[in-house]
Amino acid sequence: SIVNIAARKHEESERVSSSPHPWRFQPFGSCRETLSLLKKALGTEGMKRVCELGADRITNLPVDVIHRILVLLTTKDAAKMATLSTKWRGHWRTIPQLQFAFYENVLKKDRSRSNEIATKLISNIHKVLLVHDGPIAKFQLSVDGLMSCDGIDQIIYYLSNRGLQELALDFSASCIYKLHSSLFNSLYLNSLSLSFCEFRQPPWVVGFSKLTCLSLAQVTLSSDFFESFLLKCPMVQNLSLTSCEGPSNHEIVVPCLKKFFFFGGSQKLHFKCTPLLEVVSILSVHEKVDKPADMVALFATLPALKRVAIDFKILECLAAGVDNLSTGLPTPLHQLKFLHICYLDLGCSLKKARDFVCLIMSSPNLLELTIELDRKQLNQRANKAATSSIGTLLKAESGDGSGCCLQHLRVFRLEFCHGTQVELELVRFVLATAPLLGKLYITPHRKWGPNKASKFMQEVMQYQRVSKEIKIRYKCFWDCDPPS
């Protein structure tokens, strides 16, 4: 067990403690690695303070400094650090943060032992908790290959009575853990991260009054999760939902919410009473998605919105059925400063191009615009038609450029370029209508060779620019393996 390892290493350190060069013994890594760890934990001023303590710099460190070092390590490595000095022997048992991890890929070919090792890890956690003394503010457990969740309930029950503030549980598809009801007794919990779990709150749950960060990935949610549990967590500021199963209608009613991330299928999103929401990211896992909301209604309920990342497929659904988008949204997004559009297909039809242009033209104060193109090869026939869709439509909406929404744009990123004519038209338009543009980043597709990139950049460098201080950069993938 970890306790036995620490004791054995400590006995070995005692044999070299009388040596005039105690730094020659290192329980892990080299002396340089240990000093690097100390410098990261203490900073420059802290290292100066340590050097003033004398020759035995490790032994005489203050207890709070030792804890700051140990929390940077996994619990296993923190126990090994007990061999540095006799004064360090028991400090790992009082650190307020415990981290345990086992990843199946470390076994490489011998995957058959994954369940055995994962089960042994759970057993060792029980032993560590038995000898741990003091509150546990943060607990992290990441384990792959576990076939049974036996023993996890006892860990959760123990943590719920130790002042737990942050909890992160990351399992795998082979073991879906059903949350134990004792977790809902953790009154001081402010951060909860769950992966591959089943979230079923008991009827007596009053919620987490101090919870500010909630992250759920591959979690099965109860049917009343949004109507019941989330309403009982009024202080949540960060909410992340990744590929969760459960109710199809997501009604977000969180008055303190500031950041929202969603990655999933065809669930419908409705924001109510979210006046502080500043960052929204909505991505789709499927090629075809149902209409998640109405574009006009969605953005009208987010008055403080500053940063948006949205999937182009979601954008199409938002605009479906909404009339008269040629002049932009009825309520301009004056607060929006950062816009990231993912998987944009520049070979799309004029109707789809209008959805993209509508969002751009409705954001007059954009500072940064990132367009991540569809990584599939563009259809050349559609590409020729698209040249008169995106570029021409932008020119038509902005007229001579004086009323363009890019008047305040500082940074423009075009990622996964294929080197097509429509991409050149888009870059030309940005260079000609963004007077304050300072940086232009172009990231080519991995299949884009050096010769094609050189020709593309040569043509870009010849375009007229209204900004006098622009810097154009591109990042290549020539040394990367081609995608499968």
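Residues numbered from 1 in each chain as written. Predicted model: local features only at pLDDT ≥ 70, side-chain atom pairs only at ≥ 80, totals over all residues. Heavy atoms only, no water.

Undergrad: Lay out the environment of E372 in plain terms, naming residues and giving numbers.
TA: Tracing the chain through its elements places E372 in strand β16 (residues 368-373). Separated by 43 residues in the primary sequence, E372 and E415 have C-alpha atoms spaced 4.7 Å apart. Filtering out sequence-adjacent residues up to four positions away, E372 remains in contact with H340, I341, C342, Y343, L344, E415 and F416. A distance of 3.3 Å separates the side chain of E372 from the side chain of H340, its partner in a polar contact. (Helix = DSSP H or I, 4+ residues; strand = E, 2+ residues; numbered from the N terminus. Contact = heavy atoms within 4.5 Å. Polar contact = N/O pair within 3.5 Å; in protein donor to acceptor, adjacent residues only side chain to side chain.)

Undergrad: Lay out the packing of aromatic side chains with the relevant residues and their values.
TA: If you walk through the whole model with that rule in mind, you get eleven aromatic pairs. Ring geometry for F184 and F229: centres 6.3 Å apart, planes at 80°, overall edge-to-face. Pair noted here: F184 is in the loop between β4 (177-178) and β5 (191-195) and F229 is in helix α7 (residues 225-229), with a separation of 45 residues, a long-range link. When the ring of F260 is compared with that of F271, the centres are 5.3 Å apart and the planes differ by 90°; the resulting orientation is edge-to-face. With F260 in strand β11 (residues 259-264) and F271 in strand β12 (residues 268-271), this pair connects stretches of sequence that are eleven residues apart. In terms of burial, F260 and F271 fall into one category: buried. Taken together, the aromatic side chains of F184, F199, F208, F225, F226 and F229 make up a single cluster linked through ring pairs. Over the ring of F338 we find R307; its NZ or CZ atom is 4.0 Å from the centre of that ring. (Phe/Tyr/Trp six-rings, centres within 6.5 Å; stacked < 30°, edge-to-face > 60°. Buried < 20%, exposed > 50% of the residue type's maximum accessible area, 1.4 Å probe, protein only. Lys NZ or Arg CZ within 6 Å of the ring centre and 35° of its normal.)

As far as function goes, none of this settles anything; it's purely spatial.
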